[in-house]
Amino acid sequence: MLSTAFDTDVVVIGGGGHVGLPLAVVLAHRGASVSIYDVSEEAVKLVNDGVLPFDEPGAGPLLQEVISDGRLRASTDPSVVAHAENVVVVIGTPVDEHLNPDPHAIPRALQAASEHFRDGQLLVLRSTVYPGVTRLVERLVADLGKDIDVTFCPERIAEGRAMVELYALPQIVASRTQRGQDRAAALFSRLTDNLVFVTPEEAELAKLFTNTWRYIKFATANQFYMMANDRGLDFERIRAAITHDYPRAADMPGAGFAAGPCLFKDTMQLAAFDNNQFALGHAAMLINEGLPLYIVDRLERRLPLAEMTVGILGMAFKGGSDDIRSSLSYKLRRILAFKAREVLTTDPVVTVDPDLLPLQEVLERSDLLVIGAPHEQYRTLRTDKPVVDIWNLLGAGVRV
Ligand SMILES: NC(=O)c1ccc[n+]([C@@H]2O[C@H](COP(=O)([O-])OP(=O)(O)OC[C@H]3O[C@@H](n4cnc5c(N)ncnc54)[C@H](O)[C@@H]3O)[C@@H](O)[C@H]2O)c1
């Protein structure tokens, strides 16, 4: 049947990235022959050397295993696409500097590789897309005159938990045709039996609603935090009282920087889709993106910031991560660079920022410390300098 025409089970376009690579690794580990097509020469070289281009707990040993036994290869040559029965697309879909989504990012990437598409392939869109992109890709494929099944199966893992969640999370599968649905179901049943079938339009919104829901929850907690803090109250004491043996509020998050490569931009994608009338989404953006400004404003009222050296501990977008994309620690650094005498930064995991200093140097040279990312390493921090800790990592409260 179809599969005999191809010598590779899966190609992951964008497979050198944060979600494409873990997927490629687990599919290979479950017995599939997998190739990666990625435009990043650096990522491709590292992957072929069995080295992760970024930190993802548990993925390193599996990557080495599947590379050394020949089940996974990476390439910058798009012709590898022609060899694979299943073509999974998981390139980045950021919003631009004016917060506009780019619905053509995926079609553009596919167009560029289109000469390598073949009859009988299954195309799986896995990036988070602007609603309507699946339909756009269906038209593109039809215009190519190829017999290719198009599906949208969004990735829902969180960075840092990929190797657990790729097997544990249900998989949303969406296709306009029964054959497309059956083939995508067969592909993902290598990872889980827990499949959910919806239409492409439902799946596109399902993914955006998922991330936006989380972003709004963080914004709610951050607004509660600011409200309490403005009245001299410690939000963590209030949250502890609310959540104590009270299941209906058990999922209330603490305050903290809510950022990163997904939640913010996907809320903005949804806002654009809703003709910029998404009041709740925009409000969440103002609150979450405003938190660094709020903190600096509070500090400025109490302290002679202009005479102080401030150290930011943790530059990643979240605790335990080495990913600095859209990290609010950098926004905090920008604001403090304007207000304080000097700003020093450190992070135990981030490797891509040449300005980072060793923790000890930052502790010694700073007059004031702000925890930017709640890395576990800071839980045992010992210092006599004042520490702003909106995460309550040190257990001493979150008042600023
Ligand atoms: N990061 C997450 O936690 C997460 C979780 C779920 C879903 N997603 C979604 O997955 C998608 C990818 O996100 P990411 O964080 O892995 O991005 P990423 O930037 O880490 O990875 C994207 C990869 O695609 C490659 N690429 C870009 N254009 C290409 C092209 N035309 N052809 C081939 N390769 C190309 C890049 O070199 C990069 O290696 C996004 O839509 C994102 O919203 C991300």
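Our structure is the block above this text.
The model shown is predicted, which means the values in this text are computed figures rather than measured ones. (Residues numbered from 1 in each chain as written. Predicted model: local features only at pLDDT ≥ 70, side-chain atom pairs only at ≥ 80, totals over all residues. Heavy atoms only, no water.)

## Details of the nonpolar core
Counting residues in hydrophobic clusters, the biggest one holds 60 residues, and the most contacted among them are Tyr225 and Ile390. The set of elements that each furnish at least two residues to this core consists of helix H8 (200–230), helix H10 (263–273), helix H11 (279–302), strand S9 (309–313), helix H12 (328–339), strand S10 (342–346), helix H13 (359–365) and strand S11 (368–371). Residues Phe54, Ala59, Cys153 and Leu187 belong to the second largest nonpolar core, which totals 37 residues. (Core = buried A, V, L, I, M, F, W, Y, C linked by side-chain atoms within 4.5 Å. Buried < 20%, exposed > 50% of the residue type's maximum accessible area, 1.4 Å probe, protein only. Helix = DSSP H or I, 4+ residues; strand = E, 2+ residues; numbered from the N terminus.)

## What to know about the packing of H11 against H12
Here H11 crosses H12 at 35°, and the two axes come no closer than 9 Å. Relative to H12, H11 is oriented so that their crossing is right-handed. Contacts between H11 and H12 involve Asn288, Glu289, Pro292, Leu293, Val296 and Glu300 from the first element and Leu328, Lys331, Leu332, Ile335, Leu336 and Lys339 from the second. Split into classes, the residues belonging to the contact of H11 with H12 amount to seven nonpolar, one polar and four charged. (Axes fitted to C-alpha atoms, helices over the stretch in contact; angles between N-to-C directions. Left-handed = near helix turned anticlockwise from the far one by under 90°. Contact = heavy atoms within 4.5 Å. Nonpolar A, V, L, I, M, F, W, Y, C, P; charged D, E, K, R; others polar.)

## Considerations on the site of the ligand
The full set close to the ligand counts 24 residues, and His18, Asp38, Thr93, Glu159 and Lys265 are the nearest of them. In the environment of the ligand, a nitrogen atom lies 2.8 Å from a nitrogen or oxygen atom belonging to the side chain of glutamate 159. Residue lysine 265 places a side-chain N or O atom 2.6 Å away from an oxygen atom belonging to the ligand. Classifying every residue of the shell around the ligand gives nine nonpolar, nine polar and six charged. (Near = heavy atom within 4 Å. Polar contact = N/O pair within 3.5 Å; in protein donor to acceptor, adjacent residues only side chain to side chain.)

## Brief notes about the pairing of strand S4 (residues 84–89)
Within a regular beta strand, the side chains point alternately toward one face of the sheet and then the other, so they alternate between its two faces. Counted residue by residue, S4 has six buried out of six residues, so it is predominantly covered. Pairing analysis gives five bridges linking strand S1 (residues 8–13) to S4, with the strands arranged parallel. Bridging across to S4, valine 10 finds its partner in asparagine 86. Taken together, the four bridges between S4 and strand S5 (residues 122–125) define a ladder with parallel strand orientation. Each residue of the ladder has a partner; that of valine 88, found in S5, is valine 124. At this point the chain moves from S4, through helix H4 (residues 105–112), to the parallel S5, and the crossover so formed is right-handed. (Pairing = 2+ DSSP bridges. Right-handed = clockwise from strand over helix to strand, strands pointing away.)

## Remarks on the packing of aromatic side chains
Evaluated as defined, the whole model comprises four aromatic pairs. Seen in terms of ring centroids, tyrosine 130 and phenylalanine 273 are 6.1 Å apart; in terms of plane orientation they differ by 85°. Their pairing is edge-to-face. With tyrosine 130 in the loop between S5 and helix H5 (133–144) and phenylalanine 273 in helix H10, this pair connects stretches of sequence that are 143 residues apart. (Phe/Tyr/Trp six-rings, centres within 6.5 Å; stacked < 30°, edge-to-face > 60°.)

## Digging into the pattern of salt bridges
Taken as a whole and judged by the stated rule, the model has 29 salt bridges. For glutamate 138, the salt bridge identified is with arginine 176, shortest N-O distance 2.9 Å. Taken together, the residues glutamate 138 in helix H5 and arginine 176 in the loop between strand S7 (171–175) and helix H7 (178–188) connect sequence positions 38 residues apart. Given the relative accessible area of 15%, glutamate 138 is considered buried. (Salt bridge = Lys/Arg side-chain N within 4 Å of Asp/Glu carboxyl O.)

## Some remarks on empty space enclosed by the protein
Evaluated as defined, the whole model comprises two cavities of 30 Å³ or more. Of the volumes computed, that of the largest cavity is approximately 90 Å³. If you trace the largest cavity, you find 14 residues lining it, with Arg126, Glu155, Leu169, Pro170 and Gln171 closest to the centre. Of all elements in the fold, only helix H6 (162–168) and S7 reach the threshold of two or more residues within the lining of the largest cavity. Across the lining of the largest cavity, the residue classes break down as eight nonpolar, two polar and four charged. In this model, the second largest cavity occupies a volume close to 50 Å³. Lining the second largest cavity are Thr93, Pro94, Pro101, Asp102, Pro103, Ile106, Val129, Tyr130, Val133 and Gln269. Here the residues of the lining of the second largest cavity are counted per class, giving seven nonpolar, two polar and one charged. (1 Å grid on protein atoms, 1.4 Å probe; cavity = no way out; pocket = protein on both sides within 12 Å on 5 of 7 lines; lining within 4 Å. Points joined across faces, edges and corners; volume = space filled by probe spheres on them.)

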